[in-house]
Amino acid sequence: MQKPIGKHSNFASLSKYPWKKRFVIRAADIIGFAATSLFGRSIGFEVEGWENLEAIVDAGKQPILVFWHDRILLATYYFRDRSIIVLSSKSFDGEYTARIIQRFGFGAIRGSSSRGGSAAIVEMIKTVRKGYPAGFTVDGPRGPRYQVKTGPILVAKKTGHPMLPFMVEAHRYCSFRSWDRLQVPWPFTRAKVIIGDPIYVDPKANEGEMDGKLAELQRALDELVERGREWRDKGSR
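Bear in mind that the values here come from a model prediction, so they are computed numbers and not experimental data.

This next bit is on helix 1 (residues 19-42). Given a rise of 1.5 Å per residue, 24 residues ought to cover 34 Å, and the 35 Å separating the end C-alpha atoms of helix 1 matches this to within 8%. When we look at burial in helix 1, the residues that qualify are I25, D29, G32, T36, S37, F39, G40 and S42. In this fold, the buried residues of helix 1 make contact with strand 1 (44-48), helix 3 (72-78), helix 4 (92-103) and strand 8 (183-185).

Further remarks concern the sheet that holds strand 4 (residues 107-110). Strands pair in a sheet through their backbones, by hydrogen bonds, and they do so in one of two ways: parallel or antiparallel. On the basis of which strands lie adjacent, the open sheet formed by seven strands has the order 1-9-6-2-5-3-4 and mixed pairing. Each of the sheet's edge strands pairs with one partner strand only, and the pair in question is strand 1 and strand 4. The mean angle between the axes of side-by-side strands here comes to 30°, regardless of whether they run parallel or antiparallel. Sheet topology note: the strand 3 (residues 85-88)/strand 5 (residues 134-137) ladder contains two bridges and is parallel. Each bridged residue has a counterpart across the sheet, and for I85 the counterpart in strand 5 is A134. Each of strand 3 and strand 4 touches helix 4; the most contacted strand, strand 4, lies at about 160° to it. Its contacts with the sheet place helix 6 (residues 151-159) against strand 2 (64-67), strand 5 and strand 6 (163-170), and it is angled at close to 165° to strand 2.

Definitions and limits used
Residues numbered from 1 in each chain as written. Predicted model: local features only at pLDDT ≥ 70, side-chain atom pairs only at ≥ 80, totals over all residues. Heavy atoms only, no water. Helix = DSSP H or I, 4+ residues; strand = E, 2+ residues; numbered from the N terminus. Expected span 1.5 Å × (residues − 1). Buried < 20%, exposed > 50% of the residue type's maximum accessible area, 1.4 Å probe, protein only. Contact = heavy atoms within 4.5 Å. Pairing = 2+ DSSP bridges. Axes fitted to C-alpha atoms, helices over the stretch in contact; angles between N-to-C directions.

Below, the structure is given as structure tokens:
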């Protein structure tokens, strides 16, 4: 059963936007949720590494899920209704994205590395300490693509909960011409979820050790992407 997520499930006020933008946000929210639900139901998921997530929970911890922004559509659908708290950018695009993921049972904390980042990370730390899992599109909200940022590493250090890198690879998909080359899976395709090994950060880690964890997370995510590509290539033969 999903754990109640309180204020983080509430839609933010749209009062700062003119009526045309309010209309677009609400329309994008409803259409995005409906479309993601529709194609998500048609996907055949395979999972590898689920025991890594279970081991974290069995140890009394919560995962800090970390993945690349281009996989956000399938990741949102697959990990729905698990009370995962995510960061959402304080921007026009970020508002309708937040509403879509909230409809899927996620909680949203407004803020990013570029706007309200420090306050958002502090709020995320507090929330994870209360026993909620967290999620980071670690190269979001605007890139650079496939380049890890420090947010989840700081949360892991301050909470004692581990980062858990994962990726979702669709067998057939198209890509948008956006900064992240957002992947949109074809209906009725297969998808592989690969969950990596947990990465813990020592609460007393110094700057050099934090840099080491940044590099470790980068390697882990790069390796998961390569494993996903190998799986897709095998299925195409």
